[in-house]
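# An overview of the molecular structure
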Amino acid sequence: MSSKLEQKEAHQTNGVVLPIVAVPVDCLASPDQQQLMEPSEFLEPDREGVEVVVLDSQANAKGVREEDALLENGSQSNESDDTSTDQGPEPASPLKETSFSIGLQVLFPFLLAGFGTVAAGMVLDIVQHWDVFKNVTEVFILVPALLGLKGNLEMTLASRLSTAANIGHIDAPKELWRMIMGNMALIQVQATVVGFLASIAAVIFGWIPDGHFSIGHAILLCASSVATAFIASLVLGMVMIGVIIGSRKIGINPDNVATPIAASLGDLITLALLSGISWGLYIELEDKAYVNPLVCAFFIALLPLWIIIAKRNPVTREVLYSGWEPVIIAMAISSVGGLILDKTVSDPNFAGIAVFTPVINGVGGNLVAVQASRISTYLHMNGIPGESSEMAPHKCPTPCSTFFSSDVNSRSARVLFLLVVPGHLVFLYTISSMQGGHTTLTLIFVVFYMTAALLQVLILLYIANWMVHWMWGRGLDPDNFSIPYLTALGDLLGTGLLALSFHVLWLIGDRDTDVGD
């Protein structure tokens, strides 16, 4: 093994032109002549049967970049048992970042994502008075599950493409096109199927309390959910691809910007589409009842086409078979948070909680998605899922190792945690200036709100550090499995802690948080 390592190091010297020796075939029959010859040996003039071929080197910077990409591809090949051990313990250059550079790259997408959640909350505050939301109340049950689904699918897509960009898998145009087609087809399959399941869950949750069931409303929910999921996946998927390719070209780590932008656009676009589509289909429900079943059948009939395209790509083919569990379980976890929200919105003591819930949930989910994507990329650069690596801890990480160690992932965790308070202060001021929920912000309310937000992000970042490494050690790709669980937990923790904060405020008599009108 040591001789193979020395041979590979000799050929991988960057910026140095090494000769290649061509030995006659009959010489290879002898085992003692299968050694790699030194340059001093084959340059001697008295050696016969030896040809010297010198290859011209390309530009140094480009050669190093292409060589790194090839080495990474080689480390993931099952045909070579040696290349995986050749990876050094140092991460590749995209992760050699200072705290300032991480914060600078994350700040703008983080603020954009936060304003997106604020806008989503304001949209929900408006559309809740529409006839379709009043007469088909199951649409409210559909909202958290569908928003959580879109966030999971788009941020998982962003994480997969960010990892592929950082390890050089999309540098070649052919590989880039294959990755785009496979991933777009995959999220169409996931969005259509899980959107259909979400509509069934909404019908069941709406039927259980009063026992009333309407077939027209059920088909309306199905058509609205599937159409919203499909269109939002198409739009957001193209946006994510453009963001990742653009950030790669200008030298920004895609892990820092892709997931927050996906989240910022995901909630707003999905909620706007759901409101508009359900309103349009509700209008046609009385006179043209056949429109809703046709819409639902059309999008479901496209499933075989997307499945065929997704199966052609090895990466998306694996997710197509094994990636259902996290998004479905995440939808169930988000639904629990939706039930908490449903109980608190109707209580006058929790007035205004609906405006703040999308913000606290969105911010927590965005930050933990960035951290999970970064850790996953870090691990991908040093091996493949399931193999033992010096970079992957062999025991449960402690809070100190998660937040106070010297490695790059701990540094990013500190940066992301420090963004919580200033970010939420900006978002709270924006909501207050727009009179969202007619809620007056007091000092004690801000203190309780910040406590809930900090505790939510603290727990999520620690769970992300443990979960990503745990999945990696069991051969699961964290890009596909960790983010749905983490964002769903963010919804549950955010809604629960915020509801608890409102309850405590009500107990201590902070009546300024109630509805003013």
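From a predicted model like this one, the values you see are computed outputs, not experimental measurements. (Residues numbered from 1 in each chain as written. Predicted model: local features only at pLDDT ≥ 70, side-chain atom pairs only at ≥ 80, totals over all residues. Heavy atoms only, no water.)

## Here we look at the overall build of the protein chain
Secondary structure assignment for the protein chain yields 19 helices and two strands. The proportion of buried residues among the 517 residues of the protein chain is 48%. Residue pairs at least 24 apart in sequence account for 84% of intrachain contacts in the protein chain once pairs closer than 6 positions are excluded. Only carbon and sulfur atoms are counted for the fraction: they give 65% of the accessible area of the protein chain, which is about 24,100 Å². (Helix = DSSP H or I, 4+ residues; strand = E, 2+ residues; numbered from the N terminus. Buried < 20%, exposed > 50% of the residue type's maximum accessible area, 1.4 Å probe, protein only. Contact = heavy atoms within 4.5 Å. Areas by Shrake-Rupley, 256 points an atom, 1.4 Å probe, with all protein chains shown as cover.)

## Considering a nonpolar patch on the surface
A cluster of nonpolar side chains, namely Phe196, Leu197, Ile200, Ile204, Phe205, Trp207, Ile208, Phe213, Ile215, Ile300, Ile328 and Leu339, defines an oily patch on the protein surface of about 1,000 Å² accessible area. Taken together, the elements giving at least two residues each to the nonpolar patch come down to α7 (173-210) and α13 (324-345). Take the nonpolar patch: its biggest share by element is seven residues, from α7. Counting through the fold element by element, isoleucine 204 comes out in helix α7. (Patch = residues over 30% accessible without salt bridge, like charges linked within 9 Å, V, L, I, M, F, W, Y side chains within 5 Å. Salt bridge = Lys/Arg side-chain N within 4 Å of Asp/Glu carboxyl O.)

## Comments concerning the confidence of the model for the protein chain
Predicted confidence across the protein chain gives a mean pLDDT of 74, with 74% of residues reaching 70 or more. Scored below 50 in pLDDT, residues 1-95 shows 87 contacts in the model against residues more than four places distant or in partner chains. Low pLDDT, under 50, characterises residues 513-517; the stretch is placed with 14 contacts to residues that sit more than four places away or in other chains. (pLDDT = per-residue confidence, 0-100.)

## As for the nonpolar core
In terms of nonpolar packing, the biggest core is built from 47 residues, with Val132, Val136, Val139 and Leu221 touching the most fellow members. Element by element, the count of residues in this core is highest for helix α8 (residues 215-249), at nine residues. With near-sequence residues (within four places) excluded, leucine 221 lies in contact with Val136, Glu138, Val139, Leu142, Ser199, Ala202 and Val203. One finds Phe110, Val118, Tyr449 and Ala453 within the second-largest nonpolar core, a separate group that totals 36 residues. (Core = buried A, V, L, I, M, F, W, Y, C linked by side-chain atoms within 4.5 Å.)

## Some thoughts on the packing of helix α16 (residues 408-418) against helix α17 (residues 420-433)
α17 packs onto α16 with a crossing angle of 30 degrees between their chain directions and a minimal axis gap of 5 Å. Classed by the angle they form, the pair α16 and α17 counts as roughly parallel. Residues Leu416, Phe417 and Leu418 of α16 pack against Val420, Val421 and Pro422 of α17. Here the contact of α16 with α17 is composed, by residue class, of six nonpolar, no polar and no charged. (Axes fitted to C-alpha atoms, helices over the stretch in contact; angles between N-to-C directions. Parallel < 35°, antiparallel > 145°, perpendicular 65-115°, else oblique. Nonpolar A, V, L, I, M, F, W, Y, C, P; charged D, E, K, R; others polar.)

## Brief notes about the packing of aromatic side chains
Enumeration according to the criterion identifies 13 aromatic pairs in this entry. Residues phenylalanine 115 and phenylalanine 427 carry aromatic rings whose centres are separated by 5.5 Å and whose planes lie at 80 degrees to one another, so their mutual orientation is edge-to-face. You can see phenylalanine 115 sitting in helix α4 (residues 99-127) and its partner phenylalanine 427 sitting in helix α17, a full 312 residues away along the chain. A relative accessible area of 0% places phenylalanine 427 in the buried class. Ring-pair connections join several aromatic residues into one group, and the members of that group are Phe230, Phe298, Phe299 and Trp306. (Phe/Tyr/Trp six-rings, centres within 6.5 Å; stacked < 30°, edge-to-face > 60°.)

## Describing α8
For α8, with 35 residues, the first-to-last C-alpha span of 51 Å sits near the 51 Å given by 1.5 Å per residue. Two residues or fewer after α8 comes glycine 251, characterised by a positive phi angle close to 85 degrees. (Expected span 1.5 Å × (residues − 1).)

## Observations regarding α17
The terminal C-alpha atoms of α17, which comprises 14 residues, lie 20 Å apart, in line with the 20 Å expected from a rise of 1.5 Å per residue. In this structure, the buried side of α17 is in contact with α4, α14 (353-380), α16 and α18 (443-473).

## Thoughts on the environment of valine 143
If you trace the backbone, valine 143 turns up in helix α6 (residues 138-166). Classification of valine 143 as buried rests on a relative accessible area of 7%. C-alpha of valine 143 to C-alpha of serine 275: the two residues are 132 residues apart in sequence and 9.5 Å apart in space. Once you skip the residues sitting within four places of it in the chain, valine 143 turns out to touch Phe133, Leu271 and Leu274.

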